[in-house]
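Topology and contacts: notes
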4 protein chains.
Amino acid sequence: MARNICVEPYMATPIEKQQIELVERKGIGHPDSIADGLAESVSRALCKEYIQKCGGVLHHNTDETQIVAGRSIPEFGGGQVIQPIYILLVGRATKEFQGTSIPADTIALKTARNYLKNTLPSLDVDCNVILDCKFGTGSSDLMHVFGRDSKVPVANDTSFGVGHAPFSELEKIVYNTERALVEDLKKKKGQKAVGEDIKVMGLRNGEDITLTICSGLVGQYVDDIGAYVNIVEEMKDYVLDLVPKYTQRNVTVDINTADDIAKESVFLTVTGTSAEMGDDGSVGRGNRSNGLITPNRPMSMEATSGKNPINHIGKIYNLLSTQIARQIATELDGIDDVYVKLLSQIGHPIDQPLIASAQISTKPGVKFDSMRKEAEGIIDEWLANTRKITEMVAKGELDTF
Amino acid sequence: MARNICVEPYMATPIEKQQIELVERKGIGHPDSIADGLAESVSRALCKEYIQKCGGVLHHNTDETQIVAGRSIPEFGGGQVIQPIYILLVGRATKEFQGTSIPADTIALKTARNYLKNTLPSLDVDCNVILDCKFGTGSSDLMHVFGRDSKVPVANDTSFGVGHAPFSELEKIVYNTERALVEDLKKKKGQKAVGEDIKVMGLRNGEDITLTICSGLVGQYVDDIGAYVNIVEEMKDYVLDLVPKYTQRNVTVDINTADDIAKESVFLTVTGTSAEMGDDGSVGRGNRSNGLITPNRPMSMEATSGKNPINHIGKIYNLLSTQIARQIATELDGIDDVYVKLLSQIGHPIDQPLIASAQISTKPGVKFDSMRKEAEGIIDEWLANTRKITEMVAKGELDTF
Amino acid sequence: MARNICVEPYMATPIEKQQIELVERKGIGHPDSIADGLAESVSRALCKEYIQKCGGVLHHNTDETQIVAGRSIPEFGGGQVIQPIYILLVGRATKEFQGTSIPADTIALKTARNYLKNTLPSLDVDCNVILDCKFGTGSSDLMHVFGRDSKVPVANDTSFGVGHAPFSELEKIVYNTERALVEDLKKKKGQKAVGEDIKVMGLRNGEDITLTICSGLVGQYVDDIGAYVNIVEEMKDYVLDLVPKYTQRNVTVDINTADDIAKESVFLTVTGTSAEMGDDGSVGRGNRSNGLITPNRPMSMEATSGKNPINHIGKIYNLLSTQIARQIATELDGIDDVYVKLLSQIGHPIDQPLIASAQISTKPGVKFDSMRKEAEGIIDEWLANTRKITEMVAKGELDTF
Amino acid sequence: MARNICVEPYMATPIEKQQIELVERKGIGHPDSIADGLAESVSRALCKEYIQKCGGVLHHNTDETQIVAGRSIPEFGGGQVIQPIYILLVGRATKEFQGTSIPADTIALKTARNYLKNTLPSLDVDCNVILDCKFGTGSSDLMHVFGRDSKVPVANDTSFGVGHAPFSELEKIVYNTERALVEDLKKKKGQKAVGEDIKVMGLRNGEDITLTICSGLVGQYVDDIGAYVNIVEEMKDYVLDLVPKYTQRNVTVDINTADDIAKESVFLTVTGTSAEMGDDGSVGRGNRSNGLITPNRPMSMEATSGKNPINHIGKIYNLLSTQIARQIATELDGIDDVYVKLLSQIGHPIDQPLIASAQISTKPGVKFDSMRKEAEGIIDEWLANTRKITEMVAKGELDTF
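As the structure is a prediction and not an experimental result, all values here were calculated from the model.

Let us now look at the pattern of salt bridges. Per the stated rule, a full pass over the model turns up 120 salt bridges over all chains. In this structure, the salt-bridge partner of A:E207 is A:R249, at a minimum N-O distance of 3.3 Å. One end of the pair, A:E207, is in the loop between β12 (198-205) and β13 (208-215); the other, A:R249, is in the loop between α4 (225-242) and β15 (250-255), with 42 residues separating them in the sequence. With relative accessibility at 48%, the residue A:E207 sits in the partly exposed group. With relative accessibility at 13%, the residue A:R249 sits in the buried group. For the salt bridge of B:R92 with A:D280, the shortest nitrogen-to-oxygen distance reads 2.6 Å. In this pair, B:R92 sits in strand β7 (residues 85-93) while A:D280 sits in the loop between β16 (268-269) and β17 (281-282), so the two residues belong to two different chains. The exposure class assigned to A:D280 is buried, which follows from its relative accessible area of 15%. Through salt bridges with shared partners, a single ionic network connects A:R25, A:E178, A:R179, A:E183 and A:K187.

So this is what it looks like as structure tokens:
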């Protein structure tokens, strides 16, 4: 059956030409991102267990993970968590299949502990966190066996996913600023005071970019207010050194704008995340599956993390539309922006969307007509291979936040 | 201090001219909307209590409300809830202020019960629901007294809100279809079988509109499969009669596409909401504050419902940008689309955004330049009166989902 | 098979001749008693549902019900609950049996609400209480069908029950003081200020009895400190009028000994129970199944309330031993005290205890030998009819606390 | 002020002469004992922290700890926990005192984890257990400073404690059987298959003693059914070798009487405790503070574990009465049994009980009169030094279960 694919030219001020552009990224230690990360890592661990024990992924959704903030008393040189962070892993999982028991809750606890240890090295998982787990049982009739069963799953919902490509300069900067601060400045260069809860808000006003960065330092690695000021300065310089890779525009960096240095009222944490003090988190309320929040671009509200990668259309179509957009932007010349939207109808096979739409904004002088067919081909091929997304998710090859 | 206001012309295919448009609305009985509605109604009740007892709204956020689905056995002519829906009201609230105790949890329970009774008349709140409540205490230093304290609150976060106007045809149709089915067909015309959990997904492909409606009927008002088929047909006819008010395009209506009438496998509920059987819900994962999900339009990820309307920028700026966009679209002639974005910086007064951006897409032949000043004036005036948003929220004059 | 029954003479100072005797009763509004009452009423409701739907009682235990205290601000003429009481109904219940679903949690919620309304009339169940419910599923192989299946269930545990008779004077006084204050003074005579949370501690020192009564009055029915003093006086007089029915000894009554009238620091409540302010409660930590706590008598630690009445030996043997003791004390002449103990061994039929022991303390001059046979007969007959206890429990004919 | 002390002779068949005697002990791995142990260890850790930070023990009660059973699939050579055990640490603790924060929940989590690791070596605390913690805040006005403040605390309740001495033969056997199986056979002699959840029920019928022992072996240390039979036999022989230390009577030992060896249906566990599979636990429902349940002796219903040792009379008087009884039994010659009861009145100093009663049953020919004064002296001295009990508890010198 032919697929409903619609590729249209899109006349719009290209993103780089728009006067105002906003881009946000919540770092991996932001409470919403912790929720996303836990939900997705638990889902992956379940996928692995299901495949190993039952030969295919069974029904599950772990996307309601909730972080309830604790209370802490951060201090230069130390500090302590007074009230532990409460983390509730909640959702549904198949716990029995054809006589085989799957210890879903046990796996979830183990996976979540490891995820927290690896992601938040200053968090003492033994006593700064209460890790609770309440998985209901899902229906067991939703098995899809890789390699054997050739039937395409049907959509579990009427829902859509969206994706775009390529990243704008500001999108690249915002994404990579957070990544580099944690992975390079902290882990490789050894500046342990950098916390994992880094929020980067990028504003481009014409040729001027302002990065507003909010980042709680880790008290035990900051001796006093002087050290604090120095480290913040170091982070600022680091970012200013980094951005020329991505832009020639003027960049201003503001870090922790609410600090009052004179009063020593600054943004310090015990554990590196503001979940320790007042900030709750939920799955699906932070970054979209491309790692960003981009109000200048189409977005989907669907949470991607923690949903099963077999038939949960909110997950599959978001990941898929981003992959499609990226391939179109890479393989076709003369494109400013591509926007892809995929819409399912509940009960219909996921490879037959109600509509697969691509809007392409071309560079001046580039002819659109020649592109249509190529773009349609790319879309059609991805839809013919939705299973590939499932496999990439189960293998952990696709980020979800 | 002059405000950072930027009004720019936006060259883009106007929404009505784009080939593909997607619009979604989750009805008031959808689990995500129930979460939004509870969060917002509890926040309103707290506002009222705070104003009455303390002369001003105190710090609170009730935006982490969580719905964990129950299990049910729906049947023609009745059915029963086997496992109650679990609802957790969670967040933070000031419980003591200058010696006065505020019974936040008690108020929340009472308000939530009433909200559920009014919103879901087929739900037996006494035994189909477990209503739990765990409010932490917030800081009490965040009071803002209307009429006395003239100081503008500072933003609690670096965050943005977005809004657009006017609604497209499809946006009007999707929004009003759900509203009319519940408020008119059910309440006024007495078709009690219509459940409150109505999801409307609108797709416009050029001149053809497809409305995919998912709506669980209430079993006790549906005698048998024949009655079911008739009621679904009645709903379809009702919608087809309704849409010409908003469009001249061709409209197709699909209701409960996953039904298998021959096998009597249809979408029936006991209570009118799918929260009774497997569908969880969270605040901020459904409709944006304008009541819709619109991937062809800029959107914010911020949850609006349940946040305090004094300094929670994620709430105020979303509501404010929508108000601004609507006023610009109404008062200025020759506009196709207006997009407004407001960005705060933590610690700065909320009337002084880091940027207030309006992108205006004009009709052919309309000159932009004359508009700039008027638009700037509207933005400036709203920013000078952010308190108005707070008051409208406290009075319940603004919808949030 | 002959039963292991051992009836022995017991030489002991009879209870009425011992110098010091202690007896305690926690009233029906005491947090531990609320937990007991909820657990037992839910169990009864489940028994009824199981019998109706499945023809026999299925496996369940609701005996882990937990009351977490709230916080309140009691006042003369009113007061309010600031933090609701949290009640968790927890245990195990069969939710599916041979294709039939039993809505255990739904029934539990409904039953618990009704129990609270009837027991604590000043408690606003809608907003002074959070009623949570988390029943796990038990094994479904434990069905015992009345009237059809003649097999005796086997004990689920190695455990014992104990009972004694007759009640001493002090036991009668303590038990009936609480009962009369609630059922007669409050309900019949209309003194609504009497709360349901009445703890009566009886001390007999030779011929002098001291009743220490702790009883939180209900604020809305007490106008001021003067009224409070009068009502406490009224309660005291009421009790002093009551006790001559049971004793000729000297009786002193102390009510709310921690009150400081001058400072108006007195024992007032909003709801009639101290669960509103700081006092938690659990099943099985209060009264034994005879309604009393009696350190001068043998007691069992087993919780009786909320356990299934089919094979839960901790419940059945406690109720059974009390019935046996009472029948022996009633039917045999010349007895001071009878103590009955029944010990099971896990896996053995409940009508075949490892030992059924009766210790009989006779009045001076009474010959024990003639009693042995009669007592053995009474014990043997009850053991041959353990089903009778099950039926009495299911019908609600036996108190458990 | 003279104390109300009453020492009376008690004419009763001495325990060793009674025909039937029952004694029970729940081992340290029994769910009720785990709850007791966690509650008490957390209370001790808080005492330590309070003393260190505030110079005295502050108000707290951790005695509502609850164990909700998990589910497991035990197997010879291994097995796994399918559903983790849920442990809720709940109660009240002072979290702030004169500007100092006390991280009560953090301490509780850490202490509980360590306690579980040390007590149940086969339990994987990281993924077989969900450790939750919800401490409310208590009043901070209840501080008692050792060494400085000479005022005696007042009783928090009208309540009593009871104790007896010496242990009968059966009491010694039951207590030491469990202790030796865990501490000697398992830990010293290396028989790791012995689980920690050992319930010993002792019945003495005249000169014949039957010990019914229920003990789940640890699957990973039991290769197959043959090994199981051998280990149970080894345990039986071990106990039979042990008991002659305490008695010359005939002793029969029954272990795991519900086993069906032919069907390989035996009592196996993954973790050593039946909390992994269906058995819930609560504080105060198991052993009394002397480590036993003794229906032939006076008992108190009060939970001892987890209560604060400053003014919680239910704890202090139970521990105190046992100490008094033991000293009387040790120091005075010619005593069969001593029973001590202490009764408080709320609001009165704990060194001034409403009654302190001792009942002494003397050996034939021994004169009671000479004993009275000595016994009174012992009681009076202990009451003059109630602080000693507090100190012993804080130092961990007194067992509570």
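The next point concerns a negative patch on the surface. Residue and element names in this part refer to chain A. A cluster of acidic residues, E233, E234, D237 and D241, forms a negative patch on the protein surface. Looking at the element boundaries, D241 is found in helix α4. A relative accessible area of 65% places D241 in the exposed class.

With that settled, the discussion passes to the domain arrangement of chain A. Residue and element names in this part refer to chain A. The assigned domain composition of chain A is domain 1 (5-14 + 157-168 + 285-394), domain 2 (31-147) and domain 3 (169-282). Of note, the centres of domain 1 and domain 2, computed from C-alpha atoms alone, are 29 Å apart. Residue-level contacts link 18 residues of domain 1 with 19 residues of domain 2. Buried surface at the junction of domain 1 and domain 2, summed over both partners, amounts to about 1,400 Å²; 53% is from carbon and sulfur atoms. When residues of domain 1 are sorted by the area they lose upon contact with domain 2, S305, G306 and I310 head the list and together hold 33% of the total. Viewed at the interface, domain 2 and domain 1 are joined by 2 salt bridges. Here K307 makes a salt bridge to D63, at a shortest N to O gap of 3.9 Å. Across the contact surface, domain 1 and domain 2 share 5 residue pairs in polar contact (both at pLDDT 80 or more).

As a further point, take the state of the cysteines. Following the criterion strictly, the structure yields 0 disulfides over all chains and no others. This cysteine, D:C47, is not joined by any disulfide, and D:C54 carries the nearest cysteine sulfur, 12 Å off.

Before going further, it helps to spend a moment on the nonpolar core. Counting 77 residues, the largest nonpolar core has C:L38, C:I87, C:L116 and C:L211 as its most contacted members. Within the second largest apolar cluster, 76 residues are counted, among which are B:L46, B:Y115, B:I198 and C:C127.

Moving on to the interface of chain B and chain A. Taken together, the contacts link 58 residues of chain B with 58 residues of chain A. Interface area, chain B with chain A, both sides summed: about 5,200 Å², of which 56% is carbon and sulfur. Counting across the interface, chain B meets chain A through 8 salt bridges. Between B:E64 and A:R285 there is a salt bridge, with the nearest N and O atoms lying 3.9 Å from each other. Summed over the shared surface of chain B and chain A, the result is 29 residue pairs in polar contact (both at pLDDT 80 or more).

This part covers the relation of the copies chain B and chain A. In the superposition of chain B on chain A (RMSD 0.1 Å, axial shift 0.0 Å), the rotation amounts to 180°. Here the transformation between the copies is reduced to the relation of a two-fold axis. The position closest to the rotation axis in chain B is occupied by the C-alpha of B:A12, lying 1.8 Å away. Interface overlap between copies is the fraction of interface residues in one copy that are interface residues in the other; for chain B against chain A it reaches 100%, indicating a shared surface.

It is worth spelling out the environment of D:T269 at this point. Residues and elements named next belong to chain D. Looking at the secondary structure, you find T269 in strand β16 (residues 268-269). Residue T269 is classed as buried on the basis of its relative accessible area of 2%. Remark: the alpha-carbon pair of T269 and D124, spanning 145 residues in sequence, is separated by 13 Å. Discounting residues that sit within four places of it in the chain, T269 has contacts with P74, G216, L217, V218, G219 and E276. At 2.9 Å, the side chain of T269 forms a polar contact with the backbone nitrogen of G272.

On to the packing of aromatic side chains. Within this structure, the stated rule accounts for 8 aromatic pairs over all chains. With 6.4 Å between their ring centres and 65° between their planes, C:F167 and C:Y175 make a pair best called edge-to-face. Classification of C:F167 by relative accessible area gives buried; the value is 18%. A:R326 extends its terminal NZ or CZ atom over the ring of A:F167, reaching a point 5.6 Å from the ring centre.

A word on the sheet that holds strand β11 (residues 160-165) of chain C. Residues and elements named next belong to chain C. Here we have 4 strands laid out as an open sheet, ordered β1-β19-β18-β11, and mixed in their pairing. Each edge of the open sheet is held by one strand with a lone partner, namely β1 (5-9) and β11. Taking the axes of each pair of neighbouring strands and ignoring which way they run, one obtains an average angle of 15° across the sheet. In terms of strand pairing, strand β18 (residues 335-343) meets strand β19 (residues 355-362) through 8 bridges, oriented antiparallel.

On to the sheet that holds strand β12 (residues 198-205) of chain B, then. All names here are of chain B. Taking strand neighbours across the sheet as the criterion, the 4 strands line up as β2-β12-β13-β15 in an open arrangement whose pairing is mixed. Both outer strands of the open sheet, β2 (20-26) and β15 (250-255), are each paired with one neighbouring strand and no more. The sheet shows a mean angle of 15° between the axes of neighbouring strands, direction not considered. By the bridge criterion, 6 bridges tie strand β13 (residues 208-215) to β15 in an arrangement that is parallel. By the bridge assignment for β15, L211 is matched with V253. Against the sheet, helix α4 (residues 225-242) makes contact with β13 and β15, and its axis sits at roughly 155° relative to β15, the strand it touches most.

With that out of the way, let us pick up the environment of D:M392. All names here are of chain D. Positionally, M392 belongs in helix α7 (residues 386-394). A residue is classified by how much of its surface remains accessible, and M392, at 15% relative accessible area, is buried. Residues M392 and K187, spaced 205 residues apart in sequence, show a C-alpha to C-alpha distance of 27 Å. For M392, the contacting residues outside a window of four places in its chain are Q323, E397 and L398.

Parameters at a glance
- Residues numbered from 1 in each chain as written.
- Chains lettered and ligands numbered in written order.
- Predicted model: local features only at pLDDT ≥ 70, side-chain atom pairs only at ≥ 80, totals over all residues.
- Heavy atoms only, no water.
- Salt bridge = Lys/Arg side-chain N within 4 Å of Asp/Glu carboxyl O.
- Helix = DSSP H or I, 4+ residues; strand = E, 2+ residues; numbered from the N terminus.
- Buried < 20%, exposed > 50% of the residue type's maximum accessible area, 1.4 Å probe, protein only.
- Patch = residues over 30% accessible without salt bridge, like charges linked within 9 Å, V, L, I, M, F, W, Y side chains within 5 Å.
- Areas by Shrake-Rupley, 256 points an atom, 1.4 Å probe, with all protein chains shown as cover.
- Lys, Arg positive; Asp, Glu negative; His and termini not counted.
- Charge placed at Lys NZ, Arg CZ, Asp CG, Glu CD.
- Domains from an automatic or database assignment.
- Contact = heavy atoms within 4.5 Å.
- Buried area = accessible area lost by both parts, 1.4 Å probe.
- Polar contact = N/O pair within 3.5 Å; in protein donor to acceptor, adjacent residues only side chain to side chain.
- Disulfide = S-S within 2.5 Å.
- Core = buried A, V, L, I, M, F, W, Y, C linked by side-chain atoms within 4.5 Å.
- Least-squares fit on C-alpha atoms with pLDDT ≥ 70 in both.
- Phe/Tyr/Trp six-rings, centres within 6.5 Å; stacked < 30°, edge-to-face > 60°.
- Lys NZ or Arg CZ within 6 Å of the ring centre and 35° of its normal.
- Pairing = 2+ DSSP bridges.
- Axes fitted to C-alpha atoms, helices over the stretch in contact; angles between N-to-C directions.

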